[in-house]
Number of protein chains: 2
Amino acid sequence: MQNPASPPANSRPNSAPLALAKLHVTDAFWREKMRLVRETVLPHQWALLNDAVEGVQKSYCLHNFRAAAARIAAEKNGEPVSPPPEKRLFETWPERPDEARSDRFYGFLFQDSDLYKWLEAVAYTLADTPCAALSAQADAAIELICAAQADDGYLDTYYILHGREHAFENLRDNHELYCFGHLTEAAVAYFRATGKTRLLACARRFADLLCERFSDLPGGSPGYPGHPEAELALYRLYAATGEARYRALAERFLSRRGQRPYFYDAERGAAPAKPGELRYTYYQAHLPVRSQREAVGHAVRAMYLYSAMADCAGFGDREMYAACRALFADVAYRKMYVTGGVGSTADGEAFTFAYDLPNDTAYAETCAAAGLVFFAWRMLQLEPDALYGDVLERALYNGLLAGMSADGKRFFYVNPLESDPAACAQDPRKRHVRPTREPWFGCACCPPNLARTVMRIGQYACTAKADTCWFHLHIGLAVELENARLQTASGLPYSGEFSVRVESCRAPLTLAVRIPAWCGGQYTLSGAEGAERREQDGYLYLRGRFAPGTVLRFVFAMPARFVRADARVRADAGKVAVMRGPLVYCMEEADNGKGLHLCLFDTSKAPQPEMTALPGLGRVPTLTVSGVRQSAPDPAAPYEAAAPAEEPAAFRLLPYFLWANRETGEMQVFTREKRC
Amino acid sequence: MQNPASPPANSRPNSAPLALAKLHVTDAFWREKMRLVRETVLPHQWALLNDAVEGVQKSYCLHNFRAAAARIAAEKNGEPVSPPPEKRLFETWPERPDEARSDRFYGFLFQDSDLYKWLEAVAYTLADTPCAALSAQADAAIELICAAQADDGYLDTYYILHGREHAFENLRDNHELYCFGHLTEAAVAYFRATGKTRLLACARRFADLLCERFSDLPGGSPGYPGHPEAELALYRLYAATGEARYRALAERFLSRRGQRPYFYDAERGAAPAKPGELRYTYYQAHLPVRSQREAVGHAVRAMYLYSAMADCAGFGDREMYAACRALFADVAYRKMYVTGGVGSTADGEAFTFAYDLPNDTAYAETCAAAGLVFFAWRMLQLEPDALYGDVLERALYNGLLAGMSADGKRFFYVNPLESDPAACAQDPRKRHVRPTREPWFGCACCPPNLARTVMRIGQYACTAKADTCWFHLHIGLAVELENARLQTASGLPYSGEFSVRVESCRAPLTLAVRIPAWCGGQYTLSGAEGAERREQDGYLYLRGRFAPGTVLRFVFAMPARFVRADARVRADAGKVAVMRGPLVYCMEEADNGKGLHLCLFDTSKAPQPEMTALPGLGRVPTLTVSGVRQSAPDPAAPYEAAAPAEEPAAFRLLPYFLWANRETGEMQVFTREKRC
């Protein structure tokens, strides 16, 4: 899709996710990631949320729920409660851990959302692999959450502990509606996965309160969330319950955004800001959403907002659809790293401007890569165009997966494309860039976001409508459609085989398989001899009444190849990255020594794939790239350096998502090209 | 000098500046700059200091002196004075200009120093070109300064207006001793230039107060300045007056710096910081100065400190000398831009770490380039090594001169080596970088610093000792030595001719001329047939009893040439800059269109010098460089860009110090190299 000028006539949703029960991930690569999340990440995060891990920044997440539940109970029983602290702060930590008071809130004021995201990941986990212990743990957490809910449905431990009378007084900054959104996503997921309604009822009670509070009727607040998330959650809640008021509230939140006079000004009695001032673009509230065409501001906010806009477009809102298409193209063509990371600057964790994609100061937050997955997936449901699938795949295998260590115990918040530990330590401009993953963060949004995204991979991989099933990702799945059962198998991301075996088929069926951009149109297909065949927007459509046992066997060409950024990207001028299939590769100091900026790739020679045993990583698919290594003697005087000498060299590259699993050292994705 | 491991045995000063009256600048290039300073910069700055320029950030500098003088007078007369404001702020501005109170201080709390630097520049100007009107203006300003001085010698308008009882309570941050230093430099310069002692007496009274206040005797404060400047000024005051206590105070300030326990902790009752914490390195107070080997922290502070350390080394302090040499080498080889700019980051206006020299986010403050001139010049007096002269020349012709527009009315504070106006406007990491010069700054340290440095060029150009005269810079000068009169003439910076005509010579004389690194050892010399000749440390020494009329005629090869940064500089990997003689050249959008990052230089073809008439700049020496321009069609999909096509192209370069004098556009010093 090439920067579309106008949307196609049809802007109703084209396809929908399959129910969790109708999908089972059998993919070797992803099952291993899911096992890691189930066996390591979730228990580890549970311990962290409970402050049961030594030597790590305490979360206070469960602490806050317990404190809020105790307060709600005390209030109900008419027992005395402590007055709230005088100041309400965005972030509060006890001076010393042992000084934490049992009746106080600690952490960022969106700390509740960590538990909700964890629960959402647990929901998908239980749908995949029932587990009584995990189920009991989750149910107990849900009881605690419900106990912290006020009688009128309000639920936010920060305000419950620090003054309910201040609730909703700062929608721009204070994340209550964001927390509501994650509560709701968790509730819907848990209901879908387990059929249990306890958390769903809790979310609905809160949602009902919001519907009233933010109604268009007299007395209703005209506000909307500073950090989008409630919107997309309300669409999920609507889909799960059929209650039109939830969808209507989502649509109100979207439509109010960016209208003049600005609600955020009125909210704080501020003078109207000048047009274009950061404080609106940061929140994507600089323009009404249907008029937005350029991705701006805080990248995670942007992705969550655009996702909800795509949900809205699915109900036939053509203006919204046009905005979504333009915003997606702006991100994909002008503001996205080769890894699918978005957010070029730490300043506001934000987009900057077109083609500004610095490698070494990138922000590319793990959450933003997840957000891009959500956005792309919703666009695919509107319009099955391979651009969306390619971006979804790119963000998933690179920008998102890099957020987690190979052992599932450490995480990146920021995902640079070039890292020099010396610079991270000494350069204030890179203080947000870590050369190694951290066990946890005070602001711990990313790890559980990664977990919930990985555990839902099946739903991201395919969607369906009537008798058509789209495979957006090439992963191994058992799929149950209304009239057919399918079993896919895949060699991805390490080899290009993808097959769809038709287990049963009771009626004519269309199978739509994305032809990934990375194969350059080079693929073979066997087993589809009897099917009608057409290609549209990067998908191959095969229609037929397939005999049971039919295997459609694709082999996508997956040569390792040099890729280039748009020529307008200054940071990558004269440089190439290396990809093989969906994976971006990188060089690390552990394999190539120091001074990666002095390595040049000879792009006339194809990179050679191989399997290499690497300490702590086992056998890893690596690439060997030929080139030269430059060196120069110390200059005789400042700026009298000789032209560097070049020696032939072979460089080892490994998948980007595996970087920083060995000793700390330099890393580089884009490398200078030697053109011979 | 190649990163010396140990200093030579002799660490006594080798040479000294010539008196202002013994020097007259006749150089075509520099006289024009001096004329600009005299006729435009100084009157313009005077108007700015007096808040007489519309549409520009008000300075309040003279306002503050008038307010302080009124208060001192009122106190003497026992009249009531207004109480100081409750809060003492680093920077105070009236809400609206018409709300400025006549008895209040406004601006940064070092605002006084702007007037002092202006006066210092005026002093050199009057020494060069007597002018009754300017002299009267300066004398009136001096009267005002003296009127603002308290009875005990204290002089700082901020504290006089906002509470004398708080004087010296925050040496780390509050710049009183910095202002004292600039007062003293101005006083010494004005005395040297005019023989008038009014301001010198004022500075001495303040210095005497400081000698007592900061004595080592019981009751003395153990403090030292947060922003070095007083130290080098005290050495100048000592040289002008012969009073040993001034030198002793300078040495005390230096020796106290970085000693444990840290004075700055005691000063504010803070817990001792961890070693290496920014708050010490920023002030170069992380280690005792004699133990320092790496340039760190705020670049201007560093340069002023190291200058004073070199002054101290001149009295035979060998440890100090070893530190100075190591620090200079660290700056010159590892932390200096090709322009002589220093300070790689806006964060703290500071040095970062070795070889970290980003082009587009450089700080390279104009004041820091001036500071490097001061440091290099003092090192030259200790040890005539061409390294120091080369650096002095580099910083002067490039990093410093770029600070001023061709019309003398606009200034750069920050001097980037690459500028994209779109990025400056939209990228928060580049918010310190301006694509055009500004008429003035709230923090206006740079413009008067540039003025005083330009007006003192004669003294920077040569120093002497006994019967030897060193020419560090190749500029036209009339020089009067004890036993000889010389007249030099120069084609620099545009051609390599430099001649020394001996007007008279009453005794054997040694003339030492720096052989600039940029000539690569290629030069011719005529007229020195009868002289003894030796080359040492990059200086050619010619000794003889020269007949009047003798002309020593040097022609230094000055081909335009490609230069390279040290291979360890990541930002410049694969790139070259272009120099001709001492001048760094750059490309501008006005000559070369947009997208300078897509230009590559063919370094196998020599750049061609020519004269080009440019709008607003007249005839300018430019260079034409051959190369290619890359272009690429819009990629079909993200990161599927084709290898860029290359078209032969010729690029026009102009001297870096002349950039940003035409329409706003891109600028680039380092350009990718096409190696054929």
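Residues numbered from 1 in each chain as written. Chains lettered and ligands numbered in written order. Predicted model: local features only at pLDDT ≥ 70, side-chain atom pairs only at ≥ 80, totals over all residues. Heavy atoms only, no water.

## Some details on the domain arrangement of chain A
So, point 1. Under the domain assignment used here, chain A contains domain 1 (56-272), domain 2 (466-556) and domain 3 (560-634 + 642-673).
So, point 2. On a C-alpha basis, the centres of domain 1 of chain A and domain 2 of chain A stand 41 Å from each other. (Domains from an automatic or database assignment.)

## Notes on the interface of chain B and chain A
Note: interface size is frequently given as the accessible area lost on complex formation between the parts.
So, point 1. Of the residues lining the interface, 59 residues belong to chain B; the matching set on chain A comes to 59 residues.
So, point 2. In total, chain B and chain A occlude about 4900 Å² of area from one another, counting both sides; carbon and sulfur atoms represent 51% of this.
So, point 3. Among the residues chain B hides against chain A, the three largest losses belong to Arg429, Arg570 and Tyr639 of chain B. Together they make up 19% of the total.
So, point 4. Across the chain B-chain A interface, the total number found is 12 salt bridges.
So, point 5. We note a salt bridge from Arg431 of chain A to Asp347 of chain B, for which the minimum N-O separation is 2.6 Å.
So, point 6. Of all the secondary-structure elements, those providing two or more residues to the side of chain B that touches chain A are helix H13 (318-334), helix H15 (386-400), helix H16 (421-426) and strand S16 (560-563) of chain B.
So, point 7. With 3 residues, the top contributor of residues to the side of chain B that touches chain A is H16 of chain B.
So, point 8. Among the residues making up the side of chain B that touches chain A, the classes are represented as 30 nonpolar, 10 polar and 19 charged. (Contact = heavy atoms within 4.5 Å. Buried area = accessible area lost by both parts, 1.4 Å probe. Salt bridge = Lys/Arg side-chain N within 4 Å of Asp/Glu carboxyl O. Helix = DSSP H or I, 4+ residues; strand = E, 2+ residues; numbered from the N terminus. Nonpolar A, V, L, I, M, F, W, Y, C, P; charged D, E, K, R; others polar.)

## So, the sheet that holds strand S1 (residues 16-17) of chain B
All names here are of chain B.
So, point 1. Read from one edge of the open sheet, 6 strands run S1-S6-S7-S11-S14-S13, paired in mixed fashion. The sheet terminates laterally at S1 and strand S13 (532-536), the two strands that pair on one side only.
So, point 2. Where strand S7 (residues 468-471) lies against strand S11 (residues 509-514), 4 bridges are found, and the strand directions are parallel. The partner of Phe471 across the bridge, within S11, is Val513. (Pairing = 2+ DSSP bridges.)

## Comments concerning the relation of the copies chain B and chain A
Turning one copy of the chain about an axis and sliding it along that axis gives the other copy, so a rotation and a shift relate them.
So, point 1. When chain B is fitted to chain A, the residual RMSD is 0.0 Å, and the transformation amounts to a turn of 180 degrees plus an axial shift of 0.0 Å. Expressed as an axis order, the relation between the two copies is that of a two-fold axis. Identified as the residue of chain B closest to the rotation axis by C-alpha distance is Arg429 of chain B, at 3.9 Å.
So, point 2. Interface overlap between copies: 100% of the residues of chain B at the interface are likewise at the interface in chain A, consistent with a symmetric, same-surface contact. (Least-squares fit on C-alpha atoms with pLDDT ≥ 70 in both.)

## Focus on the sheet that holds strand S2 (residues 23-25) of chain A
All names here are of chain A.
So, point 1. Reading across the sheet, the 6 strands line up as S2-S8-S9-S10-S15-S12 and stay open at both edges, with antiparallel pairing between neighbours. Across the chains shown, the open sheet's two edge strands, defined by having one partner strand only, are S2 and strand S12 (523-526). Neighbouring strand axes in the sheet, compared pairwise and without regard to direction, differ in orientation by 10 degrees on average.
So, point 2. Here strand S8 (residues 477-480) pairs with strand S9 (residues 484-490) via 3 bridges, running antiparallel. Paired with Glu480 across the strands is Arg485, a residue of S9. (Axes fitted to C-alpha atoms, helices over the stretch in contact; angles between N-to-C directions.)

## Quick word on the environment of Gln57 of chain B
All names here are of chain B.
So, point 1. Structurally, Gln57 is set in the loop between helix H1 (28-49) and helix H2 (61-76).
So, point 2. You can call Gln57 partly exposed: its relative accessible area is 38%.
So, point 3. For Gln57, the contacting residues outside a window of four places in its chain are Trp93, Trp440, Phe441 and Gly442. (Buried < 20%, exposed > 50% of the residue type's maximum accessible area, 1.4 Å probe, protein only.)

## As for the pattern of salt bridges
Residue and element names in this part refer to chain B.
So, point 1. Evaluated as defined, the whole model comprises 104 salt bridges over all chains.
So, point 2. Close ionic contact of Lys76 with Asp151 constitutes a salt bridge, the shortest N to O distance being 3.8 Å. Placement of Lys76 in helix H2 and of Asp151 in the loop between helix H4 (132-147) and helix H5 (157-162) is noted, with a sequence separation of 75 residues between them. The residues Lys76 and Asp151 share a single accessibility class, namely exposed.

## Focus: the state of the cysteines
Residues and elements named next belong to chain A.
So, point 1. Taken as a whole and judged by the stated rule, the model has 0 disulfides over all chains.
So, point 2. You can see Cys462 has no disulfide; the closest cysteine sulfur is in Cys469, sitting 4.4 Å from it.
So, point 3. According to the relative accessible area criterion, Cys462 is buried, its value standing at 0%. (Disulfide = S-S within 2.5 Å.)

## Observations regarding the side chain of Glu349 of chain B
Residue and element names in this part refer to chain B.
So, point 1. Here Glu349 lies in the loop between H13 and helix H14 (366-382).
So, point 2. One buried charge, Glu349, has no salt-bridge partner; the nearest side chain with opposite charge is Arg301, at 5.6 Å.
So, point 3. In terms of polar contacts, Glu349 uses its side chain to reach the side chain of Tyr363, at 2.6 Å.
So, point 4. Reaching out from Glu349, the side chain makes a polar contact with the side chain of Tyr413 at a distance of 3.2 Å.
So, point 5. Setting aside its immediate chain neighbours within four residues, Glu349 contacts Gly297, His298, Ala299, Tyr363, Glu365 and Tyr413. (Lys, Arg positive; Asp, Glu negative; His and termini not counted. Polar contact = N/O pair within 3.5 Å; in protein donor to acceptor, adjacent residues only side chain to side chain.)

## Brief notes about the packing of aromatic side chains
Each aromatic ring pair is described using two quantities: the centre-to-centre distance and the angle formed by the ring planes.
So, point 1. Going through the model one piece at a time under the given rule, you end up with 96 aromatic pairs over all chains.
So, point 2. Relative to Phe670 of chain B, the ring of Tyr639 of chain A lies with its centre 6.5 Å away and its plane at 40 degrees, an arrangement referred to as tilted. On the criterion of chain membership, the pair formed by Tyr639 of chain A in the loop between strand S21 (618-631) and strand S22 (645-655) and Phe670 of chain B in the loop between strand S23 (667-668) and strand S24 (671-674) is interchain, its members lying in two chains. Neither Tyr639 of chain A nor Phe670 of chain B differs from the other in exposure class; each is buried.
So, point 3. Between Tyr523 of chain B and Phe556 of chain B, the aromatic rings sit 5.8 Å apart at their centres with planes inclined by 50 degrees, giving tilted as the arrangement. Taken together, the residues Tyr523 of chain B in strand S12 (residues 523-526) and Phe556 of chain B in strand S15 (residues 551-556) connect sequence positions 33 residues apart.
So, point 4. Overall, the relative accessible area of 2% leaves Phe556 of chain B in the buried class.
So, point 5. Pairwise contacts between aromatic rings join Tyr60, Phe90, Trp93, Tyr106, Phe108, Phe110 and Tyr178 of chain A into one cluster.
So, point 6. Over the face of the ring belonging to Tyr238 of chain A we find Arg247 of chain A, whose NZ or CZ atom lies 5.8 Å from the ring centre. (Phe/Tyr/Trp six-rings, centres within 6.5 Å; stacked < 30°, edge-to-face > 60°. Lys NZ or Arg CZ within 6 Å of the ring centre and 35° of its normal.)

## As for helix H8 (residues 230-241) of chain A
All names here are of chain A.
So, point 1. Under the 1.5 Å per step criterion, the end-to-end length of H8 is 16 Å for 12 residues, consistent within 8% with the ideal 16 Å.
So, point 2. For H8, a buried count of 9 out of 12 residues is recorded, marking the element as mostly surrounded by other parts of the structure.
So, point 3. Turning to H8, its buried residues number three or more, namely Ala230, Glu231, Leu232, Ala233, Leu234, Tyr235, Arg236, Leu237 and Ala240.
So, point 4. Summarising the contacts, the buried residues of H8 are in contact with helix H3 (112-128), helix H6 (176-194), helix H7 (198-213), helix H9 (244-256), helix H12 (299-313) and helix H14 (366-382).
So, point 5. Following H8 by one or two positions, Gly242 adopts a phi angle in the positive range, close to 75 degrees. (Expected span 1.5 Å × (residues − 1).)

## Quick look at the pairing of strand S10 (residues 497-505) of chain A
Residue and element names in this part refer to chain A.
So, point 1. Judged from the 7 bridges that link them, S9 and S10 form a sheet pairing that is antiparallel. The partner of Arg485 across the bridge, within S10, is Ser504.
So, point 2. The loop that links S9 with its antiparallel partner S10 comprises 6 residues.
So, point 3. Pairing geometry for S10 and strand S15 (residues 551-556), over 5 bridges, is antiparallel. What sits directly across from Glu497, in S15, is Val555.

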